[in-house]
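# Chain and residue survey
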Amino acid sequence: MNIETPQGYATVATTQVKNPFEVTEAATVPISTWRTAALGNSLTTTVGQPLAKKLRHEFDIRAILTRRREGEYLVREMEEGLMSYKSRKMIVNTLVSHLIDHYGTHVKSHVKLALARAITQQFPLLDNEDGYGHEAWFAPARGHTEASGFLESRLRNVRRREYSVSKLTAEAGPSKVQSSVPENIVDDDAEDSARKLEWLRDHHQPEQQVKKWMSDTVKSRAATIRADKDKPVSELLQLYPRLLDTDGMIDQDFRNLFPEAADRLFVNWPACYQNVLLYVEKQVKRWKEHLQFSGEMDTDTKKSNLAFQALTLLFPPGHKRGKRGLHRATVDEALRSFIRREEIGTNIPTFLETLEQNQPFVLALGKPEEPEQCFVVLEKNTIHCNSLLHAIDVCFKLVYVLDIDYAWECQHTWDFIQKFFYRLGEGKGRVKSVPSVTLFQNFLAKNCKC
């Protein structure tokens, strides 16, 4: 007997449907229900149309890209896991055009996610070891964090032009700084620590005694600093002057608070800087001009120094909101806020007196490929370092020890260093990295033995 299917329901037959429904023969279920439950299962309608094929969003990335003239070249770069900025832009534009042709400008989140996953599944060198490499292309909104990724950014730009909106409607705000409180900073003997801290404020000798008591008071100092986030850095340095004027104290504090992360930059950077330069060559054509470098990279030290300075060119300059709205740093401002280079013979006291730049930052005197002196600058104080690698390490650790923000102009560079090298995901930096940081992390994870 033929029974008419009620409006809003569909009759399906299945042999593979899993919970929440288990049917072994034709059954009538609400359309709203099987649309959700049928994804990934082999469902067919009574007229024989496969529902799984209808509901699952499958994308053949190669087929989409090879429709354009440069498609074969774009596919080859994706297979190699190393795309130029120009190529990546063409890939994103082509894939977004495909989305718009089939789904319009307001594409559902699960469709964009399916496309992003297809990219890393079909081109494994663009993925990372955790299987989240697709988030460089599209990451869904989570809680108060908006959706991001290359595909999402392109779609937003298309919609803005489409509706002629004069004011940006999806502009990202300033970096959301997470708590950098270590797991355990409870002081077991607060009275003894207070006595030692008072002594340390007035004494910088004997050195061994200073270092010993600085180590003993790490937890007390960390807790006090984090308990009063509004206290200016200048006041913190007055409370704890030995942090800057006694050699090795920044590293010692950081090592006590984050022991597993303390040596990671020194251990992992030597295995990565060659690939950093390879990536920079592909992404930034005039990178040597930006760094004012015209010599030869004929030693490992020169290559390492240039790779550090070129990092900032791989990410967008930072931005902040002020009284006049959003202010975005220039490329040169981002470079200077990360590593500022001055000529040999620069009078340091005079330089510090006239300094108006956000701090901390690294100061390098000499040629970009081979600086003769390196310092970390904070509140018009300097910490002398043995090399550029040492200076980057000290500058990063100083941010954590004093619980201060990265310089906003180069915030994405520090965000990358924090998450890739030190592997501190829940510290400072952005809750969600910008796509260019995620993509670069994926590239290094696939190509570096670290």
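So, how was this worked out
Every chain is numbered independently, its residues counted from 1 as its sequence is written. pLDDT decides what is reported in this predicted model: residues at 70 or higher carry local features, side-chain atom pairs at 80 or more are listed and counted, and totals for whole chains, interfaces and linings draw on all residues regardless. To obtain the side-chain values, all non-hydrogen atoms of the structure were used and water was disregarded. Only protein atoms enter the 1 Å grid used here, on which a cavity is any set of points holding a 1.4 Å probe that cannot leave and a pocket is any open set flanked by protein within 12 Å on both sides along at least five of seven lines; residues with an atom within 4 Å of a point are listed as lining. Grid points are joined across faces, edges and corners, and a volume is the space filled by probe spheres set on the points. For helices the rule is a DSSP run of H or I covering at least 4 residues; for strands it is a run of E covering at least 2, with both sets numbered from the N terminus onward. Residue polarity is assigned by list, with Asp, Glu, Lys and Arg as charged and Ala, Val, Leu, Ile, Met, Phe, Trp, Tyr, Cys and Pro as nonpolar; anything else, Gly included, falls into the polar class. When DSSP finds two or more bridges between a pair of strands, those strands are recorded as paired. Note on definitions: angles span 0 to 180 degrees between N-to-C directions of axes, and those axes are lines fitted to C-alpha atoms, for helices only across the stretch in contact. Whether two residues are in contact is decided by their heavy atoms, any of which lying within 4.5 Å being enough. Working definition: with a 1.4 Å probe on protein chains only, accessible area under 20% of the residue-type maximum means buried, over 50% means exposed, and in between means partly exposed. Counted as salt bridges are all cases of a side-chain nitrogen of Lys or Arg within 4 Å of a carboxyl oxygen of Asp or Glu. Counted as a polar contact is a pair of N or O atoms within 3.5 Å, where, for protein atoms, one must be capable of donating a hydrogen and the other of accepting one, and residues adjacent in sequence contribute only when both atoms are in side chains. The predictor attaches a confidence to each residue, called pLDDT, with possible values from 0 through 100. As used in this record, nonpolar core signifies buried Ala, Val, Leu, Ile, Met, Phe, Trp, Tyr and Cys residues forming a set joined through side-chain atoms within 4.5 Å. Should an angle lie under 35 degrees it is considered roughly parallel, over 145 roughly antiparallel, and from 65 to 115 roughly perpendicular; all remaining angles are considered oblique. When the near helix sits turned anticlockwise from the far one by under a right angle, the crossing is termed left-handed; a clockwise turn instead gives a right-handed crossing.

Moving on, we come to empty space enclosed by the protein. In the structure shown here, the tally under the stated rule is three cavities of 30 Å³ or more. Contributing to the lining of the second largest cavity are Gly81, Leu82, Met83, Leu125, Leu126, Tyr279, Gln283, Leu439, Asn442 and Phe443. Those elements giving two or more residues to the lining of the second largest cavity turn out to be α15 (273–283) and α22 (435–447). Among the elements that take part in the lining of the second largest cavity, α22 stands out by supplying three residues, more than any other. Partitioning the lining of the second largest cavity into residue classes produces seven nonpolar, three polar and no charged.

This part covers the sheet that holds strand β7 (residues 361–366). Ordered in space as β6-β7-β8-β9, the four strands form an open sheet in which the pairing is mixed. Strands at the two margins of the open sheet, each flanked by one partner only, are β6 (339–342) and β9 (381–385). When strand polarity is set aside, the average angle formed by the axes of neighbouring strands in this sheet is 30 degrees. Two strands pair when backbone bridges link them, and β7 and strand β8 (residues 371–378) are joined in this way by six bridges, in the antiparallel orientation. Opposite Leu363, over in β8, you have Phe375 as the bridge partner. Helix-sheet contacts for helix α20 (residues 388–401) involve β6, β7, β8 and β9, and the interaxial angle to β8 is about 5 degrees.

β8 sits mainly inside the fold: six of its eight residues count as buried. Connecting β7 to the next strand, β8, in antiparallel fashion are four residues. Here five bridges tie β8 to β9, and the two strands are oriented antiparallel to one another. Each residue of the ladder has a partner; that of Val377, found in β9, is Thr382.

Our next topic: helix α13 (residues 249–257). Turning to α13, its buried residues number three or more, namely Met249, Ile250, Gln252, Asp253, Phe254 and Leu257. Among the structural elements, α9 (207–216), α10 (218–227), α12 (242–245), β9 and α20 are those in contact with the buried residues of α13.

Before going further, it helps to examine the pattern of salt bridges. Within the structure shown, the criterion is met by 24 salt bridges. Between Glu146 and Arg156 there is a salt bridge, and its shortest N-O distance comes to 3.6 Å. Of this pair, Glu146 sits in the loop between α6 (109–122) and α7 (150–163) while Arg156 sits in helix α7; the two residues are 10 residues apart in sequence, bridging distant segments of the chain. Between Asp253 and Arg221 there is a salt bridge; the shortest N-O distance is 2.9 Å. Placement of the pair is Asp253 in helix α13 and Arg221 in helix α10, with a sequence separation of 32 residues.

The next subject is the environment of His203. With respect to the helices, strands and loops of the structure, His203 is situated in the loop between α8 (190–202) and α9. Judged by relative accessible area, His203 falls into the partly exposed class, the value being 32%. Taking the C-alpha atoms as reference points, His203 and Pro241, 38 residues apart in sequence, are found 9.5 Å from one another. Ignoring anything within four residues of it in the chain, the contact list for His203 reads Val210 and Arg242. A polar contact of 2.8 Å, which involves the side chain of His203, links it to the backbone oxygen of Trp199.

Next up on the list: the confidence of the model for the protein chain. On average, residues of the protein chain score 80 in pLDDT, and 80% of them reach the 70 mark or higher. The low-confidence segment residues 164–181, where pLDDT is below 50, has 41 contacts with residues more than four positions distant or belonging to other chains.

In terms of nonpolar packing, the biggest core is built from 112 residues, with Ile61, Trp137, Phe254, Trp269, Leu402, Phe416 and Phe440 touching the most fellow members. With 11 residues, the single largest contributor to this core is α20. Every residue in contact with Trp269, bar those within four places of it in the chain, is listed here: Arg264, Val276, Ser304, Ala307, Phe308, Leu311, Leu389 and Phe421.

With their axes 10 Å apart at the nearest point, α8 and α9 run at an angle of 140 degrees to one another. Considered as vectors, α8 and α9 are oriented oblique to each other. At the point where α8 passes α9, the crossing takes the left-handed sense. Residues Ser193, Arg195, Lys196, Trp199 and Leu200 of α8 pack against Gln209, Val210, Trp213, Met214 and Asp216 of α9. Of the residues that constitute the contact of α8 with α9, the class distribution is five nonpolar, two polar and three charged.

With that settled, the discussion passes to the side chain of Asn305. Turning to its location among the elements, Asn305 is positioned in helix α17 (residues 300–310). Look at Asn305 and you get buried, because its relative accessible area is 8%. Of note is the side chain of Asn305, whose polar atom sits 3.0 Å from the backbone oxygen of Glu369. Beyond its immediate chain neighbours, meaning those up to four positions away, Asn305 contacts Pro368, Glu369, Glu370, Pro371 and Leu388.

Bringing the layout of surface pockets into the picture now. Space inside the second largest pocket adds up to approximately 820 Å³. Taken together, 27 residues form the lining of the second largest pocket, with Asn128, Asp130, Lys419, Thr438 and Gln441 sitting closest to its centre. At the level of secondary structure, the elements contributing two or more residues to the lining of the second largest pocket comprise α21 (411–421) and α22. Among the elements that make up the lining of the second largest pocket, the one with the highest residue count is α22 (five residues). A class-by-class count of the residues in the lining of the second largest pocket yields 10 nonpolar, 10 polar and seven charged.

Now for the side chain of His412. Structurally, the position occupied by His412 is in helix α21. If near-sequence neighbours (up to four positions away) are discounted, His412 is found in contact with Phe315, Pro316, Pro317, Gly318, Arg430, Val434 and Val437.

This brings us to the environment of Arg88. Topologically, Arg88 is positioned in helix α5 (residues 85–103). Overall, the relative accessible area of 12% leaves Arg88 in the buried class. Between the alpha carbons of Arg88 and Glu77 there is a distance of 9.2 Å; along the sequence they are 11 residues apart. Apart from residues lying up to four places away in sequence, Arg88 is in contact with Met83, Trp137, Phe150, Gln283 and Leu439.

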